[in-house]
Amino acid sequence: MDRLSILFAGAGDDGLHISDIAAGLPGQWSVAHASGPDEVLGEIEHGRFDVLLLSAAQTNGNLAGMLTRLRAHGSDAPSVLVTGVPDHATGANLMRHGARDYLVRGQDDREAVLHALGSIAERRTLERALVVSEQRVTQVLDTVTRAKREWEGTFDAITNPIFLHDADYRIIRANTAYQQLTGLPFEEIIGRPYFTLFPKQDGPLQDDGAGSGREVRDQTERRIFRTRTFRFDETAACRYTVWIFEDITGMKLAEENLQELFLGTVKSLSRAIDAKSAWTAGHSDRVTRYAVLIGRLAGLSDEELRTVELAGLLHDVGKLGTFDAILDKKGVLTPEEYEIIKQHPLRGAELLTPIRQMNHIIPAVRHHHERYDGEGYPDGLKAGKIPYMARILAVADAFDSMTGWRPYRRTFNRGEAIEELRSCSGTQFDPELAESFIAAISRDDLPRVA
Ligand SMILES: [Fe+2]
């Protein structure tokens, strides 16, 4: 802190020795001297003082007049006046004129002056500290205001909707993109539980962390967003969660188009397979529906059911490499022709190998003619060694083949086909899958097929 300054107007002959007094003051002081009223005023004009120590002798005996002139010169420094006249009325008058203290010279002049200056110094030091403290508060407020402006500007410049909620799930900050998404003014957003606005739900999520990666739609159901959440200040009293939304509408649309294109292509291919023979029209489609039903009865997941669907549509893709003359033959096949037909699961697997997205259905395609007792082809796998999807396809494929028209044998009606499935359960077919399918057929739960 800067040293305190004193303007001293006195002389040795009035008994005041400033050097002696200054040495007794606490802290660092700078001392300026003045002799007579004009010099006092001159010093006042050129510098600021923390205290004025004026003796009556230096003011031509007119201390009150001196005080008036000091005020006129804009001085607000506290004055300590020293006089040799022990007159209380004069003292009171000088105090009314703004004197801070009025000392009558006596035996303890030095102690009295030190006491008066000491209290002024203490007050001055406090005042200065207060000013510094106020300046710091102003600086902090400026910094906070600027930071708020910068933060809000940045927040609003981000086009992803963002909001921040507290431990009670109430929104305490939101950016313009979020405000536009909700269609509400900020005043109606701030303080509301986030789940009453967007993403709208019955209540808060059990774990906000699980909010990441969710797909949510806006109220028009047209825009799709993926959520990301971050939590910070994880204390009991103070916990914040930030939600950021990424608009993935375009990406989802492209994904759906691609999926549609993929499935459309697979279905076309499936029809091309069935068209290889005059009596297999719709075969792959029906097998797919039966297989999906069996899969559903077995409790497969949606993703597994999609695999069953794809495998059903393409289970006979290997027939694309088989001569039409054999596939279309009306009579019973020769052993050689049958050997060629038996190649189609392997050919199918080979055809699908280069397509990464189809690799997961290869086991089902390759093994759909295996038998539960190990007497099937191409690998003679037995029971649990046969891929599950292939066991499902085997039941569905056999049922459709039995109930479909074939020139080389008579067509089974539903009851006969059920009987055949039952009699081959455990030998040709996985008994559990066959039984659940038989039960579904008996309840007439078969899916409608073309
Ligand atoms: Fe087949």
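Structure: above.
Residues numbered from 1 in each chain as written. Predicted model: local features only at pLDDT ≥ 70, side-chain atom pairs only at ≥ 80, totals over all residues.

### A word on the sheet that holds strand β3 (residues 51–55)
Read across the sheet, 5 strands follow the order β2-β1-β3-β4-β5 without closing on themselves; strand pairing throughout is parallel. Among the strands making up the open sheet, the edge pair consists of β2 (29–33) and β5 (101–104). Strand-to-strand twist across the sheet, computed as the mean angle between neighbouring axes with direction ignored, equals 20°. When strand β1 (residues 4–9) meets β2, the two strands line up parallel, connected through 5 bridges. (Pairing = 2+ DSSP bridges. Helix = DSSP H or I, 4+ residues; strand = E, 2+ residues; numbered from the N terminus. Axes fitted to C-alpha atoms, helices over the stretch in contact; angles between N-to-C directions.)

### A closer look at the sheet that holds strand β8 (residues 215–217)
Spatial strand order, β7-β6-β10-β9-β8: 5 strands in an open sheet with antiparallel pairing. Among the strands making up the open sheet, the edge pair consists of β7 (171–174) and β8. Pairwise comparison of adjacent strand axes, ignoring direction, gives a mean angle of 30° for this sheet.

### A word on the packing of helix α15 (residues 388–403) against helix α16 (residues 414–424)
The geometry of α15 relative to α16 is characterised by a closest axis approach of 10 Å and an angle of 145° between their N-to-C directions. Helix-helix and strand crossings are classified by hand; for α15 and α16 the assignment is right-handed. Residues Val395, Phe399, Met402 and Thr403 of α15 form the contact with α16, whose participating residues are Arg414, Ala417, Glu420 and Leu421. For the contact of α15 with α16, the residue count by class is 5 nonpolar, 1 polar and 2 charged. (Left-handed = near helix turned anticlockwise from the far one by under 90°. Contact = placed C-beta atoms within 7 Å. Nonpolar A, V, L, I, M, F, W, Y, C, P; charged D, E, K, R; others polar.)

### Structural notes on the environment of Phe429
Here Phe429 is to be found in the loop between α16 and α17 (431–442). Given 26 C-beta atoms within a 10 Å radius, Phe429 is considered buried. A C-alpha to C-alpha distance of 111 Å links Phe429 and Val51, two positions 378 residues apart in sequence. Phe429 has contacts with Tyr372, Ala394, Val395, Leu421, Cys424 and Ala434, leaving out every residue within four places of it along the chain. (Buried ≥ 20, exposed ≤ 12 C-beta atoms within 10 Å, placed from the backbone.)

### So, unusual backbone geometry
Cis geometry is adopted by the peptide bond preceding Pro199, which originates at Phe198 and carries an omega value of -5°. Within the secondary structure layout, Pro199 lies in the loop between α7 (186–189) and β8. In this structure, the amide linkage connecting Tyr377 to the following residue, Pro378, adopts the cis form with an omega of 10°. Note on placement: Pro378 falls in the loop between α14 (362–366) and α15. The backbone of Ala383 sits at a positive phi, close to 40°, despite the residue not being glycine.

### Quick look at the pairing of strand β4 (residues 79–83)
With 5 of 5 residues buried, β4 is to be regarded as a mostly interior element. Neither face of β4 is exposed, since Ser79, Leu81 and Thr83 on one face and Val80 and Val82 on the opposite face are all buried. In terms of strand pairing, β3 meets β4 through 4 bridges, oriented parallel. What sits directly across from Leu52, in β4, is Ser79. Pairing analysis gives 4 bridges linking β4 to β5, with the strands arranged parallel. Note on β5: the bridge partner recorded for Val80 is Asp101. Traced from β4 through helix α4 (residues 88–96) to β5, the parallel crossover comes out right-handed. (Right-handed = clockwise from strand over helix to strand, strands pointing away.)

### Details of helix α9 (residues 283–297)
Taking 1.5 Å of rise per residue, 15 residues should cover 21 Å, and α9 covers 21 Å from first to last C-alpha, within 8% of that figure. Three or more residues of α9 are buried, namely Ser284, Arg286, Val287, Thr288, Tyr290, Ala291, Leu293, Ile294 and Gly295. Buried residues in α9 make contact with α8 (249–274), α10 (302–314), α15 and α17. Downstream of α9 by one or two residues, Gly299 has phi in the positive range, about 80°. (Expected span 1.5 Å × (residues − 1).)

### With respect to α15
In this model, α15 (16 residues) spans 23 Å end to end at C-alpha, consistent with the 22 Å of a helix rising 1.5 Å per residue. Looking at α15, one finds that the buried residues are Met389, Ala390, Arg391, Ile392, Leu393, Ala394, Val395, Ala396, Asp397, Ala398, Phe399 and Asp400. Next to the buried residues of α15 lie α9, α10, α14, α16 and α17.

### Focus: the nonpolar core
Among the nonpolar cores identified, the biggest contains 36 residues, and Ile294, Ala311, Val365, Ile392, Leu393, Val395 and Ala396 are the most heavily contacted of them. Mapped by element, the contributors of at least two residues to this core are α9, α10, α13 (344–352), α14, α15, α16 and α17. At 9 residues, α15 tops the list of elements feeding residues into this core. Not counting residues up to four positions away in its chain, the partners in contact with Ile294 are Ile392, Val395, Ala396, Leu433, Ser436 and Phe437. If you look at the next biggest cluster of nonpolar residues, it comprises 29 residues, including Ile6, Phe8, Val40 and Ala99. (Core = buried A, V, L, I, M, F, W, Y, C linked by C-beta atoms within 7 Å.)

### Comments concerning the packing of α8 against α10
A pair of packed helices is characterised by two quantities: the angle between their axes and the separation of those axes. Put simply, α8 and α10 touch, their axes get as near as 8 Å, and they point 35° apart. Where α8 abuts α10, its residues Val266, Lys267, Leu269 and Ser270 lie against Leu310, Leu313 and Leu314. Tallied by class, the residues present in the contact of α8 with α10 amount to 5 nonpolar, 1 polar and 1 charged.

### Here we look at the environment of Thr138
Within the secondary structure, Thr138 is located in helix α5 (residues 109–157). Using a count of 10 C-beta atoms within 10 Å as the deciding quantity, one classes Thr138 as exposed. Here the alpha-carbon distance between Thr138 and Lys385, two residues 247 residues apart in the chain, equals 79 Å.

### Observations concerning the pairing of strand β10 (residues 240–247)
It is a general feature of regular strands that their side chains alternate between the two faces of the sheet. Bridge analysis of strand β6 (residues 162–165) against β10 gives 4 bridges, and the strand direction is antiparallel. Residue pairing for β10: His165 is matched across the bridge by Thr241. In terms of strand pairing, strand β9 (residues 224–232) meets β10 through 8 bridges, oriented antiparallel. When the bridges of β10 are listed, Arg226 appears paired with Glu246.

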